Amino acid sequence: APAFYAPVTLEAFARLRDEHPQARLVAGSTDVGLWVTKQFRELGDMLYIGNVRELKSIERDAQTLTIGAAVTLEDAYAALAADYPELAELWTRFASLPIRNAGTLGGNVANGSPIGDSMPALLALGAEVVLRQGTRTR
Ligand SMILES: Cc1cc2nc3c(=O)[nH]c(=O)nc-3n(C[C@H](O)[C@H](O)[C@H](O)COP(=O)(O)OP(=O)(O)OC[C@H]3O[C@@H](n4cnc5c(N)ncnc54)[C@H](O)[C@@H]3O)c2cc1C
């Protein structure tokens, strides 16, 4: 039977990812859920990111706004719009509040959708993505 892993620390998440490289990462499941309800796909093992404390935080210093991969779209947008008020209107057009409260900015980047709405704004801002595998980060 498929397994559902829901680690609560970044270390445990990274270790489970190494141990189960085939597992499907699941964040807000607003994309992944549709593969099941619309396409009847089997997801197999799942690795849920939404309980990982370190990835749910938003940090700010003088130069950088850092948004964790498990931060909801709603919270991520609020943080971005605080620095870039001109983005506010874009976010009002992004899905509905329930989707924005469940979906993550990380999921919107990772799904690689050609119609994803956050990437154009993130590209324009010169955003950088921090990737981690095991103990390595780039
Ligand atoms: C009704 C509805 C309306 C929508 N409207 C919009 C819209 O207006 N604009 C728009 O752009 N999108 C829209 N979407 C799509 C979706 O909500 C977004 O793409 C959302 O950001 C996906 O995030 P998620 O956390 O739900 O991702 P999930 O569904 O959990 O995952 C999406 C993909 O990303 C991978 N993934 C997730 N997190 C990570 C991570 N941290 N590292 C590596 N891989 C990861 C997953 O394995 C999966 O392949 C809509 C969806 C629905 C159902």
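It should be emphasised that the depicted structure is a prediction, and the values quoted were computed from it without experimental measurement. (Residues numbered from 1 in each chain as written. Predicted model: local features only at pLDDT ≥ 70, side-chain atom pairs only at ≥ 80, totals over all residues. Heavy atoms only, no water.)

**Student:** Got a minute to help me understand the sheet that holds strand 3 (residues 46-48) in this structure?
**Tutor:** Either a parallel or an antiparallel arrangement is found when strands of a sheet pair, and the pairing is made through backbone hydrogen bonds. Taken in spatial order, the three strands of this open sheet run 1-3-2, and their pairing is parallel. Looking at strand neighbours, the two that pair on one side only are strand 1 (4-5) and strand 2 (24-26), the edges of this open sheet. Looking at chain direction, strand 2 and strand 3 are connected through three bridges and run parallel. Counted as the bridge partner of Val-26 is Tyr-48 from strand 3. This element, helix 1 (residues 10-19), spans strand 1, strand 2 and strand 3 of the sheet and lies at about 165° to strand 3. (Pairing = 2+ DSSP bridges. Helix = DSSP H or I, 4+ residues; strand = E, 2+ residues; numbered from the N terminus. Contact = heavy atoms within 4.5 Å. Axes fitted to C-alpha atoms, helices over the stretch in contact; angles between N-to-C directions.)

**Student:** Teacher, can you tell me more about the nonpolar core here?
**Tutor:** If you look at soluble globular proteins, the nonpolar side chains tend to sit buried side by side. Counting residues in hydrophobic clusters, the biggest one holds 12 residues: Val-71, Leu-73, Ala-76, Tyr-77, Leu-80, Ala-81, Leu-87, Trp-91, Phe-94, Leu-105, Ala-121 and Leu-122. Every element with two or more residues in this core is listed here: helix 3 (73-83) and helix 7 (118-125). Considering each element in turn, this core owes the most residues, five residues, to helix 3. Those residues in contact with Ala-81 that sit more than four places away from it in its chain are Ala-88 and Trp-91. Counting residues in each nonpolar core, the second largest holds nine residues, with Leu-10, Leu-47, Ile-49 and Ala-70 among its members. (Core = buried A, V, L, I, M, F, W, Y, C linked by side-chain atoms within 4.5 Å. Buried < 20%, exposed > 50% of the residue type's maximum accessible area, 1.4 Å probe, protein only.)

**Student:** Is there a simple way to think about the site of the ligand in this case?
**Tutor:** Within the structure, the ligand sits among 25 residues, and Leu-25, Gly-28, Thr-30, Thr-104 and Asp-117 are positioned closest to it. Residue Arg-24 places a side-chain N or O atom 3.3 Å away from an oxygen atom belonging to the ligand. Here Leu-25 contributes a backbone N or O atom positioned 2.6 Å from an oxygen atom of the ligand. In isolation the ligand offers 990 Å² of accessible surface; the protein chains occlude 78% of this area. When contributions to the shell around the ligand are tallied by element, the ones reaching two or more residues are strand 2, helix 2 (32-37) and helix 6 (105-110). Taken together, the residues that form the shell around the ligand break down as 13 nonpolar, nine polar and three charged. (Near = heavy atom within 4 Å. Polar contact = N/O pair within 3.5 Å; in protein donor to acceptor, adjacent residues only side chain to side chain. Areas by Shrake-Rupley, 256 points an atom, 1.4 Å probe, with all protein chains shown as cover. Nonpolar A, V, L, I, M, F, W, Y, C, P; charged D, E, K, R; others polar.)

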